[in-house]
Every structure is written in structure tokens, then in C-alpha cells.
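Each chain, letter by letter, is given below.
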Amino acid sequence: MSDWKFMVRQLAKNPLSMAGIIIIFIFVIIAIFAPLIAPTPEGHRDPYMIPRDGYSATPTLPSEEHIFGTTEGQYDIFYGVIWGTRSAFHVGLVVIGIVLSVGLVLGSLAGYFGGVIDEIIMRLTDIFLAFPALILAMAIVAALGPSLRSVMIALTVVSWPSYARLIRGDILQVREEDYIEASRGIGASNFRVIMRHVLPNAIYPTLVMASLDIGAVVLAAAALSFLGLGAPEGYADWGQLTSFARNWIVGPTGDPLKYWFAVTIPGLFILFFVLGWNLLGDAFRDILDPRLARR
Amino acid sequence: MNILMDIRKLKKHFPIVGGILRRPVGAVKAVDGVSLTIKQGQWLGLVGESGCGKTTLAKTAVRLLKPTSGHIYFDVPDEAKAEIEELESLGRNNSKLNFLLKENDLAIFPGNRVRLFRRRAQLVHQDPFTSLNPRMKIKNIVAEPLTVHRVLSGQARETAVEELLSTVGLSAGQLNRYPHQFSGGQRQRIAIARALATKPEFITFDEPTSALDVSVQAQILNLLKELKSEFGLTYLYITHELLIAESVCDYIAVMYLGKVVEMGKPEEIFHSPRHPYSSSLIAATPVPDPKRRVGRIVLPGEVPSPANPPPGCTFHPRCSRASQECSELEPALELVGDDHYVACFHPL
Amino acid sequence: MENIIRIRDLAVRFHTYEGVVHAIDDLDLDIRQGETLGIVGETGSGKTMTALAILRLIPYPGRIESGSIAFFDRDLHSEIELLKLSEDNMRSIRGNKISMVFQEPGAALNPVYTIGDQISEVFLLHRRRLLGKRANEQVDRLLRDGDGFAAGIKRPFWRWQRRLYNKIAQESNPFEPRFLSHVPLFRRLLWRLKNESELLTVDMLKDVEIPDAARVAVHYPHELSGGMKQRAVIAMALACSPELLIADEPTTSLDVTIQAQMLELFRRIKVEKGASVLFITHNLGVASEVCDRVAVMYAGRVCEVTSVEELFLNPSHPYTKALLDAVPMPGKDLQTIPGQLADPLNPPAGCRFHPRCPSATQVCQQEKAKLKEIGKDHMVACHLF
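Here's a quick rundown of the structure. (Residues numbered from 1 in each chain as written. Chains lettered and ligands numbered in written order. Predicted model: local features only at pLDDT ≥ 70, side-chain atom pairs only at ≥ 80, totals over all residues. Heavy atoms only, no water.)

## Quick notes on helix 3 (residues 95-104) of chain B
All names here are of chain B.
And step 1. Listed as buried for helix 3 are Leu 97, Leu 100, Leu 101 and Asn 104. Along the axis of helix 3, the buried positions cluster into a sector of 100 degrees, meaning they face one direction only. Every exposed residue of helix 3 that faces more than 90 degrees away from the buried side is listed here: Ser 95, Phe 99 and Lys 102.
And step 2. Its buried side turned inward, helix 3 meets strand 4 (69-74) and helix 2 (78-90). (Buried < 20%, exposed > 50% of the residue type's maximum accessible area, 1.4 Å probe, protein only. Helix = DSSP H or I, 4+ residues; strand = E, 2+ residues; numbered from the N terminus. Arc of directions from axis to C-beta. Contact = heavy atoms within 4.5 Å.)

The structure is reproduced here in C-alpha cells:
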């Protein structure tokens, strides 16, 4: 189909979007092949817990044994960031997946049917949006007890209202199009009209926002972990690793950058992950918008 | 010929809400008491300018909008209609009347009966550039009525789609394309093919050629003529171009501000219009004939808003023949010739 | 008859992803002083592009590839090659000497400014000297007749204003007023420019037959009906008494009765203002109402150019004939033109119309026809002649 070819060509033309695709692709490879890249040592039960090489609080510099060095508590940074990729994808995709589904369903109902349903759902989103996002997330995690699952629940609760509103707005616009009326004129049921006609045309801005948000969600999860409200101690999570480096951001006087690797390496992983998804989201927006405008 | 579509005193008002409590403070009287009959096999043209309510009337007649009041009888025998009228005039609100209305009056049909009606009546939209889902392949667009009504499936459906496309003059090799790959005229043909899918008896056309070029318009009009004679269809054709209506329709109704002001055969309306508005409309229509200059009778002023129609005859503020009576009373449609009706106190 | 616009060998091409679109190909066209020339054509004929090419407003990815458009300026008594002008000079012609009315009045008007503001803007942009002169006269009168204590205090300010306005009247944007217009309090000294432009605006609105012009001038576009909006747009276009008015399907989006009023307005403008008009339409009936001469275009080329009577009485090009036959008239069968409009990406070789032409011959498939004179002021591009 010439449409897909056109989309791929557009993607290829834009160097930034190619960069985004390559970055995410690299991360996917890392996540898939994590056991090969950073093998779990023998006898270690949970691969997601970072192996410790001693109990000293001071990070050790990178060496042959620990390629990226170790952080406070002698957790191996290399292992941490490689397996942390898996956690990042886990958190990002699960949260966005749930948020997208919930937001789509509620937003579609509100947008398509209007009236009382619209009012109720919108007031619901208003309630959730009244709280500052990160604060509410912290409160939820604190109430549920710090763990990666609470982080995911908290972020889900905090993110879904924006999606519902976004899809509702787009549906309000698509609803007025002639072909929707034509479908109703044929006798299609409301369900069919929504699934087959309204959503496929209204969903693109939401998908763009979703891809941008994966990065944002991972960043928020890292922030929560940094504050100690995330994964349990020793879990392979980028935020966790930066949290360990909290006391070692500035080294001893005379050599302030001595322990740079402790905070910078996990930080760089977070940065590139979020950057990759942002570029991808921008790329989607670019190929979808001019296509829509062209037609 | 028996009457296929019988519209009686149809009204469609859109409420205007205002104030904090969102109370209805007024209404846009888009269709304000229209009575029309369309006989089987007839090509009825509904002519008027923007704001006259012709599109609203068409959409209400096929129940895309719910009427505010009035009756729509689709293929209902005369006896039933007569009985309903009798019971209504007696003024008693009894259960027999309600039963008859529920059975026959399209205006109050519940969802499932409307769905059955949709197999027999279809609507073709004005703008072929927006009436087809841009993300659906045309074979799915044309097959949709068959899918929705569960008429055919699988291979039989595909064959039917190919046949429909060839009926409207498109080749079958384009089944897998998207609407944006077609021209305006071709898209309108696809819309017509979709309308024909369930073999309806009655098709409403909402200005189907106004977005198309002159040569393409001619092709579509000829196609409509062929389809009508081949399948024995009945058309309700809305247009603002009087010339098209005169050229192809069997019967014409002229609308102004929600009411029908004149009805008659095309030759009569064109050569001897009796309503001042119709005659201004004809005089204002440009014709490619340099000897004929438009508008010695240039109609002054603008069309009033349907939210605030003038009292009495809605045309009287712009009418050169208006009298005191015209600003107080509403004229009713009266017979003035062979199947020729006019709603005017001072017809031409 | 002198020409006001002379187009020769114009070619406009669009370089799109899917290929090169020849929007206009080898166009030769003359617009004469004081005449209303109609361009009639269907989608893809290039009629809108011709108008945009004259004003150098062709949108990306289109480009004027070759040709010349000569504009004969009545005031300067000189011939200007529009395609070679700098953008600054072109800007002083747009809206001033050549102005355009577009199809959708709603789209041509900025929804956040009042009608009056938008028309005044034209005066403030192009007619500063006139405004300066009028403001000058106002202040002069005040200085002469002013009496009493209040007048005495204001006098020095009036004298300052008079000096400023005098400068503007002589040279449209001199330094002192331009500088002052950026200084917060002293900006007030120049208020009369706006005032005069508003007076001229109301005059202009009255000219285009808008009832209650002073009240309408403070309305926003969304408060007006389609016909009124189009009149306002025409007022904007006529504000500077242009020498050429280009109207791109100005009545297509209007109702028939309003269209009749508009056509009457165009006829009146032609007579009163003596402007030349380039009237683009797809409706042959409308063309026969307002135009003196008509050019029929197909697929980027002109097929036939002649006076309006001659075109309808004696159409010579097969496309013109077919187009007239396809117009629905009561009591006449609709003749369709076989085939479809020429594909802009892949137009037929030779004469663009030959695949659909009933009288096409061998030479039509190979060579394109040039415009030939076949009668008095009657040019046709067809191998049959």
C-alpha cells in the first residue's frame, strides 16, 4: 500500500525521527538480551535484584569486573542499568497500556454520547486533575507501600484523565463529520460507529501523546524511586540506582567528580530512553499530521 | 402510482439554550410545518437557498433527526392514514390511535424499526470529500450496509460490491483503494454505490453535485437517471440550483424559511411561477445566455434567521406585493392549477 | 485597446512527492484596460493559479518556472515586469494596485478583528499620504477656528500635529512620526490617522451597499451573513482604488439571490470605478452576466478567448461546446463529456483535451495547439482551425 510506503519514507527523511527509532531499537535489544549481556551470577535467586559485591558504602570505580563500577552498597551498576531497561519498559508499557485503555473507553463514552454521561465523566476527571500529579502519586505510593507495583498504580491513576479528555475532544470533532452521519444513515449501531468509524479517525493524537508519555512515565517512576517511594532496595531500576548515588554526586574535596559514574550512568540511560520516545512521538506526529493535511 | 413517502405537517425545531440553567429560550424553526407527498417512481426536487430548511427536512424525513412534531408515513396504506386522521380530528387520545401511530408513523418509530426502514431508504450526502471514511477501503465502505444489515457475507458480499461499483461506472480493480485516491466525481459514485447496496426503494440526495465540476455533474445526473429507470427508484433530490431541478425532476417544491411556498411541475414553475419568491429565484439564476441579464428583479435584503422568522407570511418583508394581511396571517398551500400549489395571498 | 496585464508563456509547476504537476502551461493572456475578463474552467484548469501567479502568491511547492507577466501602471505610465520585482515592491502592489477577492469570505476575514479595523488597515498601509493630508486639513481647521481658553492650551499640540501630518502627507513614512508612534504617550498625537481611515472605511462600506455602514463597521465577521462578509471583502479590495481587481469565484459560496445582488454590484463597480476585473468562475451563467470577454481554460492551457456574446453564440473549441452542452437547462438533454478531467500528474500529450474530443485527429495527439485568431477578436487553440 502506497500509504505505508509514504509513511516510511517520511520517517526516513527526518534524521531526528530516525535517531528516535534507532535509540528505542537499541533499548529493545538490550531489554531482550539482558540475560546475555549481563548474566545473573550463579545462585542468585531473583535476576531483578542487583548482585552485591560486598557491603561497603563507598562506590568503587569502574574496573574489569564491574564495567561501570559499583554504587553505594556495592551494587553493580552495569547489571543494574541493563536489567533496569526491562523494568523501564515494564513500567512504561503497562502504565501507558492501562491508561490508554481506560482513557479511551471513558473518553469515547463521554465524547460520543454527550449529555449526562459526558458531565459525569468530566467531573470525575476534574477531581483527579485537581491534585498535583506527582504529589498525588507520592501519596498513593506511600499509602500502598513502596514497591514497583504501587508506583505503576499511582502513575496510572494520575495519568488517565488527560487521555480521556484528549480523546473526548477529538471525538467531539470527528462526531460531526459527514461519514459518521452516513454510517448512522445506513443503520449502523452506535457501537459499530464508534469502533469502526469514530475511533480510527480520532485516535491519532492520542497515540502520539501516548508515545511521548512513555518517556514521561519512566521519568516519573525514576523520580519516585529516587525519593525512596519506588522499587525495593537493590531492585534493578534506574531510579533506584540514582537514589543510591544521592550521597555521592559530589566526591571528596579535591576530586569532586570521583564518583561521577554512580549518578551519571543511570541518568544517561534515563535521558536517552526518554529522548528516544520523545523523538518517536514527534516523528509520529509529523507523519500523521501532514498526511491528514494532505488528504 | 401509490404514494411512497407522505410527510404531514412536519416540524423540526432546534432549541436555543441560554442562561446559567440552560433553559430553552427560543428555537431555530428549521422546518416549520411541511406537508409533501412523494409518489412511487417520482423524482421530487426540493429547491431553496441556504437556511430554508431543505437539508433539515431531508434528514428528518429519513429519521437522521428526530422530528419535533408531525407524521412521516413510508409506504403506509391509505386506509391506515385515513383512520389516523379521523381519530386525531376527534381529539381523543386513545390507545387505538397510539397503536396505529406506533405501527405506521416513522416519526416515532423505535430504533429497531428505524433500522428496518434504513434498508429501504438511503441518503447520499452533499460533500463527497467528507462523506466517506478516509481510513476505510472503498470495498468496505460500499459493503458496510450489507454488513450492518447482515444481508450477505463472504464471497457473495464481495461479488455484490464489485457489481455495485460497476453499476456506477467504477472498475472493480480499485476495491482496495482509499477515498483520497479518487476524484470528487468518483467519490460521489462510491457514495451512490453504497446507497444502492441494500437495494432500497427510496433515495434522498442532499445537493449531490454542488461540490463537483460542471462536466462531472452532468455525468452524475445521467447516472442517476439510468439508475432510477433500471431499478425503479424514487428520489428526493435537494438542490439550490433551479436549473438542475428543472432539467431532471418530475415535480418541484420550493422552500423558504422552513415552509413550502410553491409546488408544481417543472415547466409550470419555470415558465409561470406563481409565488413572488419563486419568480425572484428564477430571475436571479444566471443562465449562459448573454442576451439575458439577471435581476431587474433583484431581491432586496437578506434571508431572515430561522430563529426569528417574520410573523405572518415569512416572505413578506422582502416581497414587493406584500399587504397588511401578509404580515399577520400565514398563507396555506392552495391549488392554483394542474397539480400546482402556492402559499400566497397575492400570487402572480 | 491598451492592456493592463500581459501574460506570455507562463508556466507554473508544482514539484510534489508524487511527481510534477503542470498547473499552468504556456499561458498567453491579455487583460485590457477597463474590461472584465472572465476565466472559466473546471478543477485543475489552472484558473486560480493564474490569479495567484499575477500576485506572486503561488503556494509551496509550486513555482513560477518561466514566462512574463507585464503590468501597465496607469499612474506611473510604465510597464512593470511583475515576476522580476522584489518582494517589497510586490507588497506595495498587492492590495494597492492589484487586489484580490477570494472565494470564501469567512476565510478571508480575520475573526478577531472587526470589519472596520480590517478595512482601515488597508488605508493605513497604502494610503498614508492621503490620511496625512486629510488629518492635516482637520488640524488646520482647528487652528483657524479654535477659540477660547481650552483651544489656547491645545494649540501647541495642534501645531505639532500639523507638522507631523504634513510630513506624512508628503512622504508616507518619515522618521519623526514613525519614531513617535513607538513612544507610549506621544503616540496619541497621531490618532487622527486612524480616525480618518475609519471615516474612509465607512464610506467604502457604503459604496458596496452595506446598509447601516457605521454600525456594521464595528461588527466582527462572525456576526455578518455570507453576503455581507463578501461585500466587506470587496470593500477591502477596492479601498485603494486598484487598477486591477481579481475575483476568484466570489459568488460560488453565496445563495442565488445574494449572488444576483453581488453580480449587480460588480457591474456597478465596473462602471463607476473603471477598474479592470479578472473574474474567475466555473459557472458559465455567471460569466455571461458580468464579463466582457471570456477565456476558457482546460488543464492549464487556454482553449478559447473571445467576447462573451461570441463565446455563447459561436463556441468553436470542442471543449467550450461540450461545456455549454453539459450545463443543465430546462427542456434540454444533458450531454456529458466522455472520460475524465486530465490527470494533473500525467496529462495527455499534445492537446490536453484530445482523449475526450469528438473531433480529435492524429496531429492532436502529438502537438499542442497554439492560439490562433479565427475571427474578430476570437482566438482558439485547436488543430481544427
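Now that the structure has been shown, we can carry on.
## Thoughts on the nonpolar core
And step 1. Core analysis: the biggest nonpolar cluster contains 136 residues, and Ile192(B), Ile234(C) and Phe279(C) have the highest contact counts within it.
And step 2. If sequence neighbours within four positions are ignored, Ile234(C) has contacts with Val101(C), Val208(C), Met262(C), Leu265(C), Phe266(C) and Ile269(C).
And step 3. Counting residues in each nonpolar core, the second largest holds 62 residues, with Tyr75(A), Ile77(A), Phe78(A) and Val81(A) among its members. (Core = buried A, V, L, I, M, F, W, Y, C linked by side-chain atoms within 4.5 Å.)

## Some remarks on helix 8 (residues 178-186) of chain A
Residue and element names in this part refer to chain A.
And step 1. Burial within helix 8 is extensive, with seven of its nine residues counted as buried.
And step 2. When we look at burial in helix 8, the residues that qualify are Tyr 179, Ile 180, Glu 181, Ala 182, Ser 183, Gly 185 and Ile 186.
And step 3. Phi turns positive, to about 110 degrees, at Gly 187, one or two residues after helix 8.

## Brief notes about the sheet that holds strand 1 (residues 3-18) of chain B
Residue and element names in this part refer to chain B.
And step 1. Ordered in space as 2-1-4, the three strands form an open sheet in which the pairing is antiparallel. Since the sheet does not close on itself, it has two edges, and those belong to strand 2 (23-39) and strand 4, each with one partner. When the angles between neighbouring strand axes are averaged without regard to direction, this sheet yields 20 degrees.
And step 2. Here strand 1 pairs with strand 2 via 13 bridges, running antiparallel. Bridge pairing in strand 2 places Lys 11 opposite Asp 32.
And step 3. Strand contacts of helix 2: strand 1 and strand 4, with the helix running at about 45 degrees to strand 1, the strand carrying the most contacts. (Pairing = 2+ DSSP bridges. Axes fitted to C-alpha atoms, helices over the stretch in contact; angles between N-to-C directions.)

## Structural notes on the environment of His282(C)
All names here are of chain C.
And step 1. On the secondary structure map, His 282 appears in the loop between strand 8 (276-281) and helix 12 (284-290).
And step 2. Sequence spacing of His 282 and Gly 38 is 244 residues, and the spatial spacing of their C-alpha atoms is 9.8 Å.
And step 3. Separated by 2.7 Å, the side chains of His 282 and Glu 249 make a polar contact. (Polar contact = N/O pair within 3.5 Å; in protein donor to acceptor, adjacent residues only side chain to side chain.)

## Let's talk about the packing of helix 5 (residues 128-145) of chain C against helix 6 (residues 148-170) of chain C
Residue and element names in this part refer to chain C.
And step 1. In the contact formed by helix 5 and helix 6, the axes pass within 8 Å of each other and the chain directions differ by 155 degrees. On the basis of the axis angle, helix 5 is roughly antiparallel to helix 6. Two packed elements cross with a definite hand, and for helix 5 against helix 6 that hand is left-handed. Here Arg 128, Arg 129, Gly 132, Lys 133, Ala 135, Asn 136, Val 139, Asp 140, Leu 142 and Leu 143 of helix 5 lie close against helix 6, whose contacting residues are Arg 155, Trp 158, Arg 159, Gln 161, Arg 162, Tyr 165, Asn 166, Ile 168, Ala 169 and Gln 170.
And step 2. Of the residues that constitute the contact of helix 5 with helix 6, the class distribution is eight nonpolar, five polar and seven charged. (Parallel < 35°, antiparallel > 145°, perpendicular 65-115°, else oblique. Left-handed = near helix turned anticlockwise from the far one by under 90°. Nonpolar A, V, L, I, M, F, W, Y, C, P; charged D, E, K, R; others polar.)

## As for the pairing of strand 8 of chain C
Residues and elements named next belong to chain C.
And step 1. Buried residues dominate strand 8, accounting for six of its six residues.
And step 2. Two elements, strand 3 (residues 36-40) and strand 8, share five bridges in a ladder whose sense is parallel. Directly across from Gly 38, in strand 8, lies its bridge partner Phe 279.
And step 3. In this structure, strand 7 (residues 244-248) lies alongside strand 8, joined through five bridges in parallel fashion. Within the sheet, the bridge partner assigned to Ile 246 lies in strand 8 and is Leu 278.
And step 4. For the crossover that starts at strand 7, traverses helix 11 (residues 256-273) and ends in the parallel strand 8, the hand is right-handed. (Right-handed = clockwise from strand over helix to strand, strands pointing away.)

## Describing the interface of chain B and chain C
And step 1. Between chain B and chain C, the residue contacts involve 38 residues of the former and 40 residues of the latter.
And step 2. Of the roughly 3,300 Å² buried between chain B and chain C, counting both surfaces, carbon and sulfur atoms make up 58%.
And step 3. Across the chain B-chain C interface, the total number found is zero salt bridges.
And step 4. Summed over the shared surface of chain B and chain C, the result is nine residue pairs in polar contact (both at pLDDT 80 or more).
And step 5. If you list the elements that add at least two residues to the side of chain B that touches chain C, you get helix 8 (214-231), helix 9 (242-248) and helix 11 (276-284) of chain B.
And step 6. Split by residue class, the side of chain B that touches chain C holds 17 nonpolar, eleven polar and ten charged. (Buried area = accessible area lost by both parts, 1.4 Å probe. Salt bridge = Lys/Arg side-chain N within 4 Å of Asp/Glu carboxyl O.)

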